[in-house]
Amino acid sequence: MFQMLYFLSQAIAPFVVPLCFVCAWGLMFLLLWSMGSAIADSVKRAKRMHQIPCANCVFFTGDYYLKCPVQPKIALSEDAIDCPDYRERSLYI
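Residues numbered from 1 in each chain as written. Predicted model: local features only at pLDDT ≥ 70, side-chain atom pairs only at ≥ 80, totals over all residues. Heavy atoms only, no water.

Within the chain, the secondary structure is distributed over two helices and zero strands. In summary, the chain has a C-alpha radius of gyration of 29 Å against a globular reference of 12 Å for 93 residues, an excess of more than 25%. The C-alpha extent of the chain, read off along each of the three principal axes, is 90 × 25 × 20 Å. For the chain, buried positions account for 12% of its 93 residues. Looking at the chain alone, contacts between residues at least 24 apart form 58% of all its contacts between residues at least 6 apart. When the accessible surface of the chain is split by element, carbon and sulfur atoms take 69% of a total near 8200 Å². Side-chain charges of the chain comprise 8 positive and 7 negative groups, with the mean position of each set lying 2 Å from the other. (Helix = DSSP H or I, 4+ residues; strand = E, 2+ residues; numbered from the N terminus. Rg over C-alpha atoms; globule rule 2.2 N^0.38 Å. Buried < 20%, exposed > 50% of the residue type's maximum accessible area, 1.4 Å probe, protein only. Contact = heavy atoms within 4.5 Å. Areas by Shrake-Rupley, 256 points an atom, 1.4 Å probe, with all protein chains shown as cover. Lys, Arg positive; Asp, Glu negative; His and termini not counted. Charge placed at Lys NZ, Arg CZ, Asp CG, Glu CD.)

We now examine the pattern of salt bridges. A complete count under the given rule lists two salt bridges for this structure. A salt bridge links Glu78 to Arg48, with the nearest nitrogen and oxygen atoms 3.2 Å apart. Highlighted residues: Glu78 in the loop between α1 (2-49) and α2 (89-92) and Arg48 in helix α1, separated in sequence by 30 residues. According to the relative accessible area criterion, Arg48 is partly exposed, its value standing at 37%. Ionic contacts of the salt-bridge type, sharing partners, join the residues Arg45, Arg48 and Glu78 into one network. (Salt bridge = Lys/Arg side-chain N within 4 Å of Asp/Glu carboxyl O.)

Our focus in this paragraph is unusual backbone geometry. Positive phi, close to 60°, is recorded for Leu76, a residue that is not glycine. Along the chain, the position of Leu76 falls in the loop between α1 and α2.

A separate point is the nonpolar core. Judged by nonpolar contacts, Ile52, Cys54, Cys57, Phe60, Ile74, Ala80, Ile81 and Cys83 together constitute the single largest core of eight residues. Residue contacts for Ile81: discarding those within four places in its chain leaves Arg48, Gln51, Ile52 and Pro53. (Core = buried A, V, L, I, M, F, W, Y, C linked by side-chain atoms within 4.5 Å.)

Attention shifts here to the environment of Leu76. Since its relative accessible area comes to 42%, Leu76 is described here as partly exposed. Along the primary structure Leu76 and Met49 are separated by 27 residues, whereas in three dimensions their C-alpha atoms are 9.0 Å apart. In this structure Leu76 touches Ile52, Cys54, Phe60 and Lys67, once residues within four positions along its chain are discounted.

Note on aromatic pairs: each is described by the distance of the centres and the angle between the planes. All chains considered together, the criterion is met by three aromatic pairs. Sitting above the plane of the Tyr64 ring, Lys67 keeps its charged end 5.5 Å from the centroid. (Phe/Tyr/Trp six-rings, centres within 6.5 Å; stacked < 30°, edge-to-face > 60°. Lys NZ or Arg CZ within 6 Å of the ring centre and 35° of its normal.)

Take a look at the structure:
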């Protein structure tokens with residue numbers, strides 16, 4: 001029994017090191033790919049969020065309970081990016 005296990009271990013020994021090497025670098029590649037993908041998605045999401053114009057709108061109150069009296073359901077959300085009631089604050093001050 002032990003002789004068969006010894007023979008089997010000697011037979012697969014030349015393949016273990018290269019297999020472990022490839023697996024280790026494969027895991028590193030997947031880790032870096034995942035991190036790069038997460039960073040790219042975060043940057044894309046941040047660019048989209050910076051397009052929300054509510055903070056510069058004349059109707060924006062900044063109040064926690066009623067952020068916008070004209071469009072309260074879409075205030076400070078992605079739906080407010082193309083808000084039909086948006087008026088730039090610097091034009092009216």
